[in-house]
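# Structural features, examined
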Amino acid sequence: MEYKIRDIISFLDQLAPPAYQESYDNAQLIAGDPNQPVKGILCSLDCTEEVIDEAIQLGVNLVVAHHPIVFKGLKSLTGKNYVERTVIKAIKNDVAIFAIHTNLDHVSNGVNKRIADRLSLLNPKILQPKKGNLSKLTFFVPEDSKNQVLGAVYQAGAGQIGEYKDCSFQVNGMGTFTPSDAANPYSGKAGVPSYEPEVRAEVILPKYLSQKVVSAMKKSHPYEEVAFYLQDLENENQEVGAGMIGELESPMDELDFLDYLKERMNLQVVRHTALRWKPIKKVAVCGGAGIFLLGDAKRHGADAFVTADVKYHEFFDAEGQLMLCDIGHYESEIFTKELLSELLSQNFPNIALYLTKVVTNPTSYR
């Protein structure tokens, strides 16, 4: 089967919906024709000129990177900096660039889950669940059509709560209506008041799927005019958010934990706050710049918080309540390319997949 670039994008957008990216982000197809057949995929943390060169050498025409090469609007393409040179080289050589960034950070099986898995954390959960991205759909349907309509809205993405699917609330009642002369009612006659035993059904859904779910509900519903309402919710979405927190199988001495962290994350160095001489059991993690989650890590009782890009004065903010560990931005997210490769290989087994061998880390240690 021949896959187009748009097929890969569609899969990745389901894995990490673009609606979950931060407002400043640019997670999308940055360069390339989505209708081109896929010759092969190169997975990378960053997309640089060297990565495009590697893609050309490998004969692949799609780079899937975590970090977008273009963050701000480009007003010209003259090759005056590495961003423009990378985009120019990609376009000239028909190499598409797709970025999957903060949306992959925010899903429960994304970047932070990979870090949690590297550290073998048990029962990992989102550290800071996001609010305001859920909706509730309430609709009314005849008893004999209930399963048909519920099945359609489930298929469209509603009714998923954590590890449970096909979730709904249902209550029986009586619907009333009087069809006009121009109506084509499912039951009843024009001008005659009708009474129909109905089920009131309620389902939770991701807000970004609202149009799709409502459309599926209407299409599968027997009524000419469907009574429903859609509400935005302020509930926290436990499956979407920043960072993760879990527990080590057994408590570790702080020095042993630092050695363990270096070994599991392939680190040369860890910048960290002073030792507290207390065991490490509960660990919070956030790939990339995650200091904004320090308060959440404290509130959840973390013994250590592993992240990157911590500034000098931000180390003071730990205030001895946990051990704050800065392992480096590149080091915290480099295993994302393996995550992407694994997910793509499971769903597109016939496409050639490669992990970049280019070290894109702009920071060196000695």
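Above: the structure in question.
Treat the numbers as computed from the prediction; the structure is a model and nothing was measured. (Residues numbered from 1 in each chain as written. Predicted model: local features only at pLDDT ≥ 70, side-chain atom pairs only at ≥ 80, totals over all residues. Heavy atoms only, no water.)

Turning to helix H1 (residues 5-15), its buried residues number three or more, namely Ile5, Ile8, Ile9, Phe11, Leu12 and Leu15. One side of H1 carries all its buried residues, which in axial view fall inside an arc of 165°. The inward-facing, buried residues of H1 abut strand S1 (29-31), strand S2 (41-44), strand S3 (62-65), strand S4 (96-99), helix H4 (102-106) and helix H12 (336-347). (Buried < 20%, exposed > 50% of the residue type's maximum accessible area, 1.4 Å probe, protein only. Helix = DSSP H or I, 4+ residues; strand = E, 2+ residues; numbered from the N terminus. Arc of directions from axis to C-beta. Contact = heavy atoms within 4.5 Å.)

Our focus in this paragraph is unusual backbone geometry. With a phi angle near 50°, Asn123 is a residue other than glycine that sits in the positive phi range. Assignment of secondary structure puts Asn123 in strand S5 (residues 122-131). Overall, Asn123 belongs to the exposed group, its relative accessible area being 63%. The phi torsion at Asp309 lies on the positive side, around 60°, for a residue other than glycine.

Turning next to the sheet that holds strand S9 (residues 228-233). Pairing is antiparallel across the open sheet formed by four strands, whose spatial order is S7-S8-S6-S9. The sheet is open, and its two borders are formed by strand S7 (169-177) and S9, each paired with just one other strand. Geometrically, the sheet is characterised by an average inter-axis angle of 25° between neighbouring strands, direction not taken into account. The pairing of S7 with strand S8 (residues 194-206) spans nine bridges and is classified as antiparallel. (Pairing = 2+ DSSP bridges. Axes fitted to C-alpha atoms, helices over the stretch in contact; angles between N-to-C directions.)

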